[in-house]
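Chain residues, written in single-letter form:
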Amino acid sequence: MSLAAQAYARTSQTTANPREVEAQALLKAARQLQEVRDSWQGPSKSMHQALLFNRRLWTIFMSAAQAAENPQPKDVREKIANIGIFVMKQTVEMTVNPDPAKLKPLIDINCNIAAGLSGRG
């Protein structure tokens, strides 16, 4: 990457709206999961990496929802936590019994929440 591109990347990261950063992370996770689904030939390293990235992302969201300093209303935080619990259960189910159809709900959740965060939902 050129120095100019690196500088732009650093600047965009420091000036980006936190909601947009979250939306972009969700879309990245959705893209990874979709790529696994589209090229499905059984469980693979890319499947495990995509599930791990998505699980880590949702762990962050769930932790933030539980944080005492979170300014969101309690019902919103509970909804985020409940979605996170579903994501974790679906991830475990996908790991134990791999099936590309099980990726669709994870992809849809990430895309829908990203759209809402970006004001497109």
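Summarised in this report is the structure supplied together with it. Numbering of residues starts from 1 in every chain and runs along the sequence as written. It should be noted that, the model being predicted, local features are given only for residues of pLDDT at least 70 and side-chain atom pairs only at 80 or more, the latter also being counted only at that level, while totals for whole chains, interfaces and linings use all residues. Hydrogens and water molecules were not included; the side-chain quantities draw on all heavy atoms of the structure.

1. Digging into the overall build of the protein chain
Phase 1 of the analysis: Within the protein chain one finds five helices and zero strands.
Phase 2 of the analysis: Helix and strand assignments come from DSSP, with helices taken as H or I runs of at least 4 residues and strands as E runs of at least 2, each series counted from the N terminus. Reading the helices (α) and strands (β) of the protein chain from amino to carboxyl end gives α-α-α-α-α.
Phase 3 of the analysis: A simple rule labels every residue: compare its accessible area, found with a 1.4 Å probe on the protein chains alone, to the largest value its type can have, and call it buried under 20%, exposed over 50%, or partly exposed in between. Across the 121 residues of the protein chain, 31% fall into the buried class.
Phase 4 of the analysis: When checking whether two residues touch, look at their non-hydrogen atoms; a contact exists if any pair is within 4.5 Å. Intrachain contacts of the protein chain at a sequence separation of at least 6 include 66% that bridge at least 24 residues.

2. Digging into the pattern of salt bridges
Phase 1 of the analysis: A pair is scored as a salt bridge if a Lys or Arg side-chain nitrogen falls within 4 Å of a carboxyl oxygen belonging to Asp or Glu. Summed over the entire model, instances satisfying the criterion amount to three salt bridges.
Phase 2 of the analysis: A salt bridge links Asp 108 to Lys 104; the nearest nitrogen and oxygen atoms lie 2.8 Å apart. Of this pair, Asp 108 and Lys 104 both sit in helix 5 (residues 103–117), four residues apart, which is roughly one turn of that helix.
Phase 3 of the analysis: Using a relative accessible area of 32% as the deciding quantity, one classes Asp 108 as partly exposed.
Phase 4 of the analysis: Classification of Lys 104 by relative accessible area gives partly exposed; the value is 38%.

3. Re helix 5
Phase 1 of the analysis: One fewer than the residue count of a helix, multiplied by 1.5 Å, yields its expected span. Between its first and last C-alpha atoms helix 5 spans 21 Å; for 15 residues at 1.5 Å apiece the expected length is 21 Å, and the two agree.
Phase 2 of the analysis: Against the buried residues of helix 5 lie helix 2 (18–38), helix 3 (45–66) and helix 4 (74–96).
Phase 3 of the analysis: Of the residues one or two after helix 5, Gly 119 is the one with positive phi, at around 80°.

4. Describing the packing of helix 4 against helix 5
Phase 1 of the analysis: Helix axes are fitted to C-alpha atoms over the stretch in contact, other axes to C-alpha atoms as well, and angles between N-to-C directions run from 0 to 180 degrees. The N-to-C vectors of helix 4 and helix 5 enclose an angle of 150°; their axes lie 9 Å apart at closest approach. Taken as axis vectors, helix 4 and helix 5 run roughly antiparallel relative to one another. Every pair of crossing elements has a handedness; the one defined by helix 4 and helix 5 is left-handed. Across from Ile 83, Phe 86, Val 87, Gln 90, Thr 91 and Met 94 in helix 4, the residues of helix 5 making contact are Leu 103, Pro 105, Leu 106, Ile 109 and Ile 113.
Phase 2 of the analysis: In this classification, Asp, Glu, Lys and Arg are treated as charged, Ala, Val, Leu, Ile, Met, Phe, Trp, Tyr, Cys and Pro as nonpolar, and every other residue, Gly included, as polar. Of the residues in the contact of helix 4 with helix 5, the class split is nine nonpolar, two polar and no charged. Any angle from 65 to 115 degrees is called roughly perpendicular, while one under 35 is roughly parallel, one over 145 is roughly antiparallel, and all others are oblique. Crossing handedness: left-handed means the near helix sits turned counterclockwise from the far one by under a right angle, and right-handed means the same turn made clockwise.

5. Some remarks on the nonpolar core
Phase 1 of the analysis: In this structure, Leu 26, Leu 33, Leu 51, Leu 57, Trp 58, Leu 103 and Leu 106 are the most contacted members of the largest nonpolar core, which totals 24 residues.
Phase 2 of the analysis: The set of elements that each furnish at least two residues to this core consists of helix 2, helix 3, helix 4 and helix 5.
Phase 3 of the analysis: When residues no more than four places from it in sequence are discounted, the contact partners of Trp 58 are Leu 26, Ile 80, Ile 83, Gly 84, Val 87, Met 88, Ile 109, Asn 110 and Ile 113. We call a set of buried Ala, Val, Leu, Ile, Met, Phe, Trp, Tyr and Cys residues a nonpolar core when their side-chain atoms join them within 4.5 Å.

6. Looking at the side chain of Thr 91
Phase 1 of the analysis: Inspection of the secondary structure puts Thr 91 in helix 4.
Phase 2 of the analysis: In this structure Thr 91 comes out as buried when scored by relative accessible area, which is 1%.
Phase 3 of the analysis: Setting aside anything within four residues of it in sequence, one finds Thr 91 in contact with Leu 51, Arg 55 and Leu 106.

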